[in-house]
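Coordinates in review
What follows is each chain in one-letter form.
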Amino acid sequence: MSVTYNVNLKYFASIREAIGQGSESVSTQTATLQALRDELIARGGAYAEALAHGRAVRMALNQDLCDASAALSEGCEVAFFPPVTGG
Amino acid sequence: MSFTVSIQTQDFDVSQELAVLRAGDARVGAVCSFLGTVRERNDGSSVASMELEHYPGMTEKSISAMMDEAKKRFDIFAARVIHRVGLLHPEDQIVFVAVTSAHRGESFKACEFLMDYLKTQAPFWKKEVTPEGARWVDARVSDDQALARWGIEASNSTAP
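First, a word on what this report is: a plain description of the structure on this page. (Residues numbered from 1 in each chain as written. Chains lettered and ligands numbered in written order. Predicted model: local features only at pLDDT ≥ 70, side-chain atom pairs only at ≥ 80, totals over all residues. Heavy atoms only, no water.)

**Digging into the overall build of chain B**
Counted only if it meets this: The helix count covers DSSP runs of H or I at least four residues long, the strand count covers runs of E at least two residues long, and both are numbered beginning at the N terminus. Our radius of gyration is a C-alpha quantity, and the globule rule it is checked against amounts to 2.2 Å times the number of residues to the power 0.38. Only protein chains enter the calculation, and the probe is 1.4 Å; a residue is then buried if its accessible area is under 20% of its type maximum, exposed if over 50%, and partly exposed in between. Computed with a 1.4 Å probe, the accessible areas rest on the Shrake-Rupley method; for each residue, only the protein chains presented here act as cover.
Scanning chain B for helices and strands turns up four helices and ten strands. When the helices and strands of chain B are read in sequence order from the N terminus, they spell out β-α-β-β-β-β-α-β-β-β-α-β-β-α. The C-alpha atoms of chain B give a radius of gyration of 16 Å, which matches the 15 Å a tight globule of 160 residues would have. Reported as C-alpha extents along the three principal axes, the dimensions of chain B are approximately 50 × 35 × 30 Å. Here chain B, with 160 residues, has 48% of them falling under the buried criterion. Summing over all exposed atoms, chain B offers an accessible surface of approximately 7,800 Å²; the carbon and sulfur share of this is 49%.

This is the structure we're talking about:
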């Protein structure tokens, strides 16, 4: 039986603009950042475009940069954003 | 001694920041700082203004982590990072990094390390307004290469 997690999603910069919102809450039965990204891509439209594989999308879990294999947990915060350009 | 980060819209006074950073610490014999400012041209276009976005919470967390790493690597006493966000124009101050140490070598190195780290690991994004319209600034491979010199692999600019 799959576990369901409530996840707080955040989007920044060009990804935020493409999706049209900066944050949303979702319930998911996915277990990793990669699977969650795939689930969002499966929504189609702007999600499929902004988060498409082959695009440079950086991911953070609970405000730490993580790779796609990082595991979700209940109430976690996941962010999707383009390469950073500060300084 | 103090290691502090500020993310702010307002401008800052460099000489005041330097004075505060080394105040009351007579061990200090070297203060090294870097100031980043907005250029009027980028990637072949003139830049009228730029908007800096960040990820509140993660920004402070990532810069604190890079200061912890700098403390481990270099013999330094204090460090200060200021990064502005919001609307900025050419000649404006954007980013400030300053470090104190007993001798110059450690603070020179730590200052450069902190800037190289910030460029590829801290969640800031620039959007420029040019005559061709507004555009998000692209990450540079050279910034990943700069961090690689310190033995840290960055893959900020690369697509998967």
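**Concerning the sheet that holds strand β2 (residues 30-37) of chain B**
All names here are of chain B. Heads up, the rule is: At least two DSSP bridges between two strands are needed for those strands to be called paired. Helix axes are fitted only over the stretch in contact, all axes being lines through C-alpha atoms; the angle between N-to-C directions runs from 0 to 180 degrees. Contact definition: two residues touch when any of their heavy atoms are within 4.5 Å.
Pairing is mixed across the open sheet formed by four strands, whose spatial order is β1-β6-β8-β2. Both edges of this open sheet fall to β1 (3-8) and β2, since each of them pairs with a single strand only. For this sheet the average axis-to-axis angle between neighbouring strands, irrespective of direction, equals 5°. With six bridges connecting them, β1 and strand β6 (residues 76-84) associate as parallel partners. Across the sheet, the residue bridging to threonine 4 is arginine 80, located in β6. Seen against the sheet, helix α1 (residues 14-22) touches β2, β6 and β8 (93-101) and runs at an angle of roughly 25° to β8. Seen against the sheet, helix α2 (residues 58-73) touches β1 and β6 and runs at an angle of roughly 155° to β1.

**Let's talk about the pattern of salt bridges**
The line we're drawing: Salt bridges are identified by distance alone: a Lys or Arg side-chain nitrogen within 4 Å of an Asp or Glu carboxyl oxygen.
Tallied over the entire structure, the rule returns 16 salt bridges over all chains. Notably, a salt bridge pairs glutamate 49 of chain A with arginine 55 of chain A, separated by 2.9 Å at the nearest N-O pair. The class of glutamate 49 of chain A is partly exposed, set by a relative accessible area of 48%. The class of arginine 55 of chain A is partly exposed, set by a relative accessible area of 39%. The shortest N-O distance in the salt bridge between glutamate 128 of chain B and arginine 135 of chain B comes to 2.9 Å. For arginine 135 of chain B, a relative accessible area of 25% translates into the label partly exposed. Shared partners join several salt bridges into a network, and the residues in it are Glu69, Lys72 and Arg73 of chain B.

**Comments concerning the interface of chain A and chain B**
Rule in force here: Simply put, the buried area is the total loss of 1.4 Å probe accessible area from both parts when two parts are fitted together. Counting of polar contacts relies on pairs of N or O atoms within 3.5 Å, with two restrictions inside protein: one atom must be capable of donating a hydrogen and the other of accepting it, and residues adjacent in sequence are counted only when both atoms are side-chain atoms.
If you look at the interface, chain A gives 24 residues, while chain B gives 31 residues. Here chain A meets chain B over a buried area of about 2,200 Å², counting both sides, of which 54% is carbon and sulfur. Where chain A touches chain B, the interface holds three salt bridges. The shortest N-O distance in the salt bridge between lysine 61 of chain B and aspartate 64 of chain A comes to 3.3 Å. Linking chain A with chain B are 18 residue pairs in polar contact (both at pLDDT 80 or more).

**Some remarks on the sheet that holds strand β2 (residues 23-28) of chain A**
Residue and element names in this part refer to chain A. Read from one edge of the open sheet, five strands run β2-β1-β5-β3-β4, paired in mixed fashion. Of all the strands in the sheet, just β2 and β4 (64-66) have a single pairing partner and so form its edges. Shown here is a sheet whose adjacent strand axes are inclined to one another by a mean of 30°, direction ignored. In terms of strand pairing, strand β1 (residues 5-11) meets β2 through six bridges, oriented antiparallel. The residue of β2 that forms the bridge with lysine 10 is serine 23.

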